[in-house]
Amino acid sequence: MEDTTLAWHILASSYFDFDAIDRDADADRVPRHFLRHLAGELDAPIHCPTAPGETAAVSLADRLAGSIYADSSMWSMARRARKELQPGDGVYAAGSTSGIPLALLCSLFGPRRIKFAIAVTDVQRPKIRLFGWLLALLRTRWMMIVPHSAMVDVAARGFGRFVGGIMAINGLTDFDFFRPADPDHDAIKGTSTDKPTRPLIASCGTEARDYQLLADAVADLDADVNVKVCFASPNLTDKTRFTVPDPLPDNMEIRYFSFADLRALYQDSDVVVVPLLPNRYAAGMTTVFEAVACSRPVVVARSPGVIDELIDHDLVEWYEMGDREGLRLAIERVLADPVAAEARADKAHAWVQTHYSATAYLERVFQALELAFGDESPARTGDRPTPTP
């Protein structure tokens, strides 16, 4: 008898060279990509858009569709992935720009009965609502995955009639890569050898970051500190909102850090500050998780979702978004009592590792899929029956 177990397919939301990432992860130079974890559990292929600059696989139809939603590389990927699907298969899309094009193509041209789980970061975008309505009209079976619990109610109001389910699945980090410093780790705080090392404030990210507020708050501190910011994000575009002081203060450095250098920056910091602008998509979670994975004290702007959860469990210091004085006081509380700050950071590390590791994230993904599709949900590798000859 043939194995009729339904198969999974995974859609990346941007181009990644996964083989190169795996090699660098094996050498402890970068964190392992979550989609590799998921692909292993589902025994699923990962479909990627074309690499930047590659246009051979992009058709005129892809370009036309990309002018309406997402971009041409996403439609090209969707067109290629559709040819590999069988009726009843499942698709996990890491973003709406990858999932919606394939869902539309399958609904219009087949194969039929494909089940979609699509991660959506900003459920209030008008185009997301428009395509949600269109997928419902085409009787597409899909569930929406949002980044934090506060977004579930918002999504339900806009999409409740259009989707098979809405579930919050929060971020994760690679605890094998981001980890506390080894005892013999060399610090990078960087002052001359004849002076006490100044406290180091670290930060990272571009999306909805308020580095002007950080610079202003640091200028008001009684302590003399260094500030180092890793200004990098895979999602950085010309539409990304952030503030940066111009000119930079003498004690503030903003630049790109490699993953290995970013880990060292976290490990050597006295506090990691995540200064946020108002946003609708759970900005700052990745930086918070990475810092906590390295057992460093964190100061973050209060915002809905996981950050609120960490605050409610007294695992991080916080301030109200935009409050310069509140941010200064939060930093001073950490620097004034390093023993208590370290103890809280260790507690946060244990809690986040339990609730937001890659393993915990995968379990929430499977729960979401089973909630939406029940017994029709394709099985993960360990659940698949052995085919009978």
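Presented here is an overview of the structure given in this document. (Residues numbered from 1 in each chain as written. Predicted model: local features only at pLDDT ≥ 70, side-chain atom pairs only at ≥ 80, totals over all residues. Heavy atoms only, no water.)

## A short note on the overall build of the chain
Argument step 1. Along the chain, the regular secondary structure elements total 14 helices and 14 strands.
Argument step 2. Taking all 389 residues of the chain together, 51% fall into the buried category.
Argument step 3. Within the chain, contacts between residues at least 6 apart in sequence are counted, and of these 75% link residues at least 24 apart.
Argument step 4. When the accessible surface of the chain is totalled, it reaches about 18,200 Å², and 51% of it is carbon and sulfur. (Helix = DSSP H or I, 4+ residues; strand = E, 2+ residues; numbered from the N terminus. Buried < 20%, exposed > 50% of the residue type's maximum accessible area, 1.4 Å probe, protein only. Contact = heavy atoms within 4.5 Å. Areas by Shrake-Rupley, 256 points an atom, 1.4 Å probe, with all protein chains shown as cover.)

## Some points on unusual backbone geometry
Argument step 1. Note that the residue after G110, namely P111, is joined by a cis bond; omega there is 0 degrees.
Argument step 2. Along the polypeptide, P111 turns up in the loop between α5 (96-109) and β4 (115-119).
Argument step 3. Residue P247 follows D246 across a cis peptide bond; omega there is 5 degrees.
Argument step 4. By the element assignment, P247 lies in the loop between β10 (242-243) and β11 (252-255).
Argument step 5. Positive phi is not limited to glycine here, since D28 has a value of about 65 degrees.
Argument step 6. For D28, the location among the structural elements is in the loop between α1 (18-26) and α2 (34-42).
Argument step 7. Notably, R113 is not glycine yet its phi reads approximately 60 degrees, a positive angle.
Argument step 8. Relative to the helices and strands, R113 resides in the loop between α5 and β4.

## Thoughts on the pairing of strand β7 (residues 200-204)
Argument step 1. The element β7 is largely enclosed, with a buried count of 5 among its 5 residues.
Argument step 2. Note: β7 against strand β9 (residues 226-230), 5 bridges, orientation parallel. The residue of β9 that forms the bridge with C204 is C230.
Argument step 3. Where β7 and strand β12 (residues 271-274) come together, 2 bridges link them in parallel fashion. Across the sheet, I201 pairs through a bridge with V271, a residue of β12. (Pairing = 2+ DSSP bridges.)

## Thoughts on the sheet that holds strand β3 (residues 90-93)
Argument step 1. What the 6 strands build is an open sheet, ordered β2-β1-β3-β4-β5-β6; its pairing is parallel. What marks the edges here is a single partner per strand, and that holds for β2 (46-47) and β6 (166-168).
Argument step 2. Relative to β4, β3 is paired through 4 bridges, and the arrangement is parallel. Bridge pairing in β4 places Y92 opposite A117.

## Looking at the pattern of salt bridges
Argument step 1. Applying the stated criterion across every chain yields a total of 20 salt bridges.
Argument step 2. Note that R263 and D28 form a salt bridge whose closest N and O atoms lie 3.1 Å from each other. Within this pair, whereas R263 is found in helix α9 (residues 259-268), its partner D28 is found in the loop between α1 and α2, the two being separated by 235 residues in sequence.
Argument step 3. Taking the relative accessible area as the measure of exposure, R263 reaches 10% and is therefore buried. (Salt bridge = Lys/Arg side-chain N within 4 Å of Asp/Glu carboxyl O.)

## Let's talk about the nonpolar core
Argument step 1. In terms of nonpolar packing, the biggest core is built from 60 residues, with I201, L214 and L327 touching the most fellow members.
Argument step 2. In this structure, L327 is in contact with L213, L214, A217, V273, V299 and Y319, ignoring residues within four places of it in sequence. (Core = buried A, V, L, I, M, F, W, Y, C linked by side-chain atoms within 4.5 Å.)

## What about the packing of aromatic side chains?
Note on aromatic pairs: each is described by the distance of the centres and the angle between the planes.
Argument step 1. Under the defined criterion, the tally for this structure stands at 10 aromatic pairs.
Argument step 2. A centroid spacing of 6.4 Å and a plane angle of 90 degrees characterise the contact between F177 and F259, whose relative ring orientation is edge-to-face. Residue F177 is found in the loop between β6 and β7, and its partner F259 is found in helix α9; the two are separated by 82 residues along the sequence.
Argument step 3. The class of F177 is buried, set by a relative accessible area of 2%.
Argument step 4. The interplanar angle of 75 degrees and the centroid separation of 5.0 Å between the aromatic rings of F231 and F242 together place this pair among those described as edge-to-face. With F231 in the loop between β9 and β10 and F242 in strand β10, this residue pair connects regions lying 11 residues apart in the sequence.
Argument step 5. Following the ring pairs from residue to residue traces out a cluster consisting of F177, F178, F259 and Y266.
Argument step 6. Of note, R255 hangs over the ring of F257, and the distance from its end group to the ring centre comes to 3.8 Å.
Argument step 7. In this structure, R263 is placed above the aromatic ring of F177, and the distance from its NZ or CZ to the ring centre is 4.1 Å. (Phe/Tyr/Trp six-rings, centres within 6.5 Å; stacked < 30°, edge-to-face > 60°. Lys NZ or Arg CZ within 6 Å of the ring centre and 35° of its normal.)

## Looking at the sheet that holds strand β13 (residues 298-301)
Argument step 1. Here 6 strands make up an open sheet; going across it, the order is β11-β9-β7-β12-β13-β14 and the pairing parallel. For this open sheet the edge positions go to β11 and β14 (317-319), each flanked by a neighbour on one side alone. Along the sheet, successive strands turn relative to each other by an average axial angle of 20 degrees, direction set aside.
Argument step 2. Relative to β14, β13 runs parallel, the two sharing 3 bridges. Paired with A301 across the two strands is Y319, which belongs to β14. (Axes fitted to C-alpha atoms, helices over the stretch in contact; angles between N-to-C directions.)

## Describing helix α7 (residues 150-159)
Argument step 1. By the burial criterion, the buried members of α7 are M151, V154, A155, G158 and F159. Projected down its long axis, α7 shows its buried positions confined to an angular sector of 105 degrees, all on one face. More than 90 degrees from the buried face of α7, the exposed residues found are D153 and R157.
Argument step 2. Taken together, the buried residues of α7 touch α6 (126-137), β5 (141-146) and β6. (Arc of directions from axis to C-beta.)

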